[in-house]
Amino acid sequence: EADKTCLGCHSQERLEKTLANKEPLSLHVQADAFAKSVHAVIGCAGCHSDVNLTSHPAKTKKITDVREYSIASTEICRGCHADKFKQYEGSIHASLVRDGNAAAPVCTDCHSPHAVSPKALYETMAAIPCKNCHVAIFNAYAGSMHGTARSKPGESAAPLCSDCHSAHEVAVASAGEGRK
C-alpha cells in the first residue's frame with residue numbers, strides 16, 4: 001500500500017528536482033517496470049528507508065549534481081549486495097570512479113534500480129549493459145564468431161562480455177586468459 005502512495009507521485013512523467021548546480025534529477029519511476037523488477041518484493045522503503053510520508057521530501061544533504069547522487073546511491077546497493085559491491089571495488093570501473101572519471105560506471109549505470117531484471121535477462125544479447133558504454137567493442141563482439149553464435153535462438157553456450165571480464169569485478173581485456 002505504501003508503494004502505491006509513493007508511485008502516486010513518482011510515476012508522474014517529468015517529475016524532477018533541480019539540484020544545486022541547476023541540473024535536473026529525475027524522480028520519475030515507471031510503475032509497470034518497478035512491478036516487474038526484482039526489487040518490487042522489497043518495495044520502495046527497502047532502499048528508501050530514510051523517507052517516510054510525514055517527512056517527505058527527505059531532508060538530506062544538498063545534492064550538488066547527478067553524478068554525486070549516483071555515486072552516493074551506491075551505498076544503498078551495498079546494504080543488500082555486499083558481495084557484489086566487494087567485487088566491484090576491485091574492478092577497473094571502481095578504480096576509474098576513485099580517479100574521478102565522470103564517465104566511469106556505478107551500479108545504477110548498468111542496473112536501473114527501479115527496473116532490475118532477473119540475472120537471466122542480462123545473459124541475452126539484447127540486454128547486455130556493457131554495450132551502452134562500449135558500443136564499438138560490443139559491435140565487434142556481435143560480429144565475431146562468439147557474438148554470431150550467441151545471437152542464434154536458444155544459444156547460451158557462446159561467451160558474453162561477463163564471461164571473460166566478469167560482471168561486477170570487471171577486469172581489463174586479457175590475452176586469452178579467461179575469467180572464472
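Each residue is numbered by its place in its chain's sequence as written, counting from 1. With the structure being a predicted model, the display of local features is reserved for residues of pLDDT at least 70 and the display and counting of side-chain atom pairs for 80 or more, all residues being used for whole-chain, interface and lining totals. Hydrogens and water are ignored here; the side-chain numbers use all heavy atoms of the structure.

Novice: Kindly report on the nonpolar core, identifying the contributing residues and their values.
Specialist: Counting 6 residues, the largest nonpolar core consists of Met125, Ile128, Phe138, Tyr141, Leu160 and Cys161. In what follows, a contact means two residues having at least one pair of non-hydrogen atoms within 4.5 Å. If sequence neighbours within four positions are ignored, Cys161 has contacts with Ile128, Cys130 and Ser166. Residues belong to a common nonpolar core when they are buried Ala, Val, Leu, Ile, Met, Phe, Trp, Tyr or Cys residues joined through side-chain atoms within 4.5 Å. The classification of residues rests on relative accessible area computed with a 1.4 Å probe and restricted to protein chains. Under 20% of the type maximum is buried, over 50% is exposed, and intermediate values are partly exposed. By size, the runner-up hydrophobic cluster in this structure holds 5 residues, among which are Tyr88, Ala94, Ala104 and Val106.

Novice: Tell me what's going on with the packing of aromatic side chains, and back it up with residues and numbers.
Specialist: Ring geometry is summarised as follows: Phe, Tyr and Trp rings, the Trp one being its six-membered ring, pair when their centres sit within 6.5 Å, and such pairs are stacked at plane angles under 30 degrees, edge-to-face over 60 and tilted between the two. A full pass over the atoms with the stated rule returns 2 aromatic pairs. Between Phe85 and Tyr88, the aromatic rings sit 6.1 Å apart at their centres with planes inclined by 55°, giving tilted as the arrangement. Linking Phe85 with Tyr88, this pair stays in helix H5 (residues 82-89), spanning 3 residues, or about one helical turn. Relative to Tyr141, the ring of Phe138 lies with its centre 6.0 Å away and its plane at 45°, an arrangement referred to as tilted. One end of the pair, Phe138, and the other, Tyr141, are both in helix H9 (residues 135-143), 3 residues apart, so they sit about a helical turn from each other. Given a relative accessible area of 11%, Phe138 falls into the buried group. Judged by its relative accessible area of 14%, Tyr141 falls in the buried class. A run of DSSP states H or I qualifies as a helix once it reaches four residues; a run of E qualifies as a strand once it reaches two. Both are numbered from the N-terminal end.

Novice: Please provide a residue-by-residue account of the state of the cysteines, values included.
Specialist: To count as a disulfide, a pair of cysteine sulfur atoms needs to be within 2.5 Å. Tallied over the entire structure, the rule returns 0 disulfides. With no disulfide of its own, Cys130 lies 4.1 Å from the sulfur of Cys161, the closest cysteine sulfur.

Novice: Quick rundown of the pattern of salt bridges? Include the residues and the values.
Specialist: Salt bridges are counted wherever a side-chain nitrogen of Lys or Arg sits within 4 Å of a carboxyl oxygen of Asp or Glu. For the coordinates displayed, the defined rule picks out 3 salt bridges. Of the charged contacts, one joins Asp109 and Arg67 as a salt bridge, the two residues approaching to 3.9 Å between their closest N and O atoms. In this pair, Asp109 sits in helix H7 (residues 107-110) while Arg67 sits in helix H4 (residues 66-80), placing the two residues 42 residues apart along the sequence. Here Asp109 falls in the partly exposed class, since its relative accessible area comes to 41%.

Novice: Describe unusual backbone geometry, listing the residues and the values that go with them.
Specialist: If you check the backbone angles, Lys22 has positive phi at about 75° while not being a glycine. Within the secondary structure, Lys22 sits in the loop between strand E1 (16-18) and strand E2 (24-26). Non-glycine residue Ser166 carries a positive phi angle of around 70°. Along the chain, Ser166 turns up in the segment after helix H11 (161-165).

Novice: Before we move on, could you go through the side chain of Ser73 and cite the residues and values that matter?
Specialist: In this fold, Ser73 is placed in helix H4. Within polar-contact distance, the side chain of Ser73 engages the backbone oxygen of Tyr69 at 2.8 Å. N or O atoms within 3.5 Å of each other form a polar contact, as long as, within protein, one can give a hydrogen and the other can take it, and as long as residues adjacent in sequence are counted only when both atoms are side-chain atoms.

Novice: Could you give me a rundown of the environment of Glu169, with the residues and numbers involved?
Specialist: Positionally, Glu169 belongs in the segment after H11. In the structure, Glu169 is positioned 121 residues away from His48 in sequence and 26 Å away in space, judged by C-alpha atoms.

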